[in-house]
Structure formats: structure tokens, C-alpha cells
Amino acid sequence: TIADNLKKASALFPAGSGGGDSLAKPEVWSDAAGFEKGMKDAHAAAVALQAVSEEAAFRPALGALGGSCKSCHDKYRLPKQ
């Protein structure tokens, strides 16, 4: 589910759609290439987590996904009020 939603998520931020009631920072659009890379990295991490078949590999894969999500949120998302 996470991988599927991440694959679709960047389409939710088309050029010119900034502003309004959103937690998205302007950098989503001004650094569209960086944002898209972050989305692709997060998707790849989710797919890698999906492929985990051994317990010992689960925690590192989950950490990689969490780190990928966090780095994108830190750069492209305003803090919740």
C-alpha cells in the first residue's frame, strides 16, 4: 500500500498547483526535480521493504523507508500547527 501510494503521490503536486490550504512548502514546485527524486527514493525504499523475507532485514529496511520519508518531509513539508 505504501509503495503504491508513493508511486501516485508526486502527481498530487502538478506545476502551478501551489498555495491554498496545504502543508506543502513552495520548494515542492521550485525544486521539482529534487522533490521528484525524493518521491522516487521513498518509493524504492518501500519496494525494498516489501521484498524483505527475513526478520533480520526488516528493521534496516523499515529504517531506510522512514529516513527517506523524513528527509522529504523535512525539506518539502511545513510543520503541523
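Rules used in this analysis
Residues numbered from 1 in each chain as written. Predicted model: local features only at pLDDT ≥ 70, side-chain atom pairs only at ≥ 80, totals over all residues. Heavy atoms only, no water. Salt bridge = Lys/Arg side-chain N within 4 Å of Asp/Glu carboxyl O. Helix = DSSP H or I, 4+ residues; strand = E, 2+ residues; numbered from the N terminus. Buried < 20%, exposed > 50% of the residue type's maximum accessible area, 1.4 Å probe, protein only.

Glancing now at the pattern of salt bridges. Oppositely charged side chains can form a pair if their charged atoms are brought close together. Taken as a whole and assessed by the stated rule, the structure comprises three salt bridges. Its salt-bridge partner being Lys 75, residue Asp 31 comes within 3.3 Å of it at the nearest N-O pair. On the criterion of sequence distance, the pair formed by Asp 31 in the loop between helix H2 (27-30) and helix H3 (32-50) and Lys 75 in helix H4 (residues 55-76) is long-range, its members being 44 residues apart. Exposure remark for Asp 31: the relative accessible area of 24% places this residue in the partly exposed category. Between Asp 41 and Lys 37 there is a salt bridge, and its shortest N-O distance comes to 2.7 Å. Note that Asp 41 and Lys 37 are positioned in helix H3 at a spacing of four residues, about one turn of the helix. Of the residues examined, Asp 41 reaches a relative accessible area of 35% and is grouped as partly exposed.

Let us look at the environment of Thr 1. With respect to the element layout, Thr 1 can be found in the segment before helix H1 (2-9). Put simply, Thr 1 and Phe 35 are 34 residues apart on the chain and 21 Å apart in space, counted from C-alpha to C-alpha.

What is shown is where atoms sit, not what they do.
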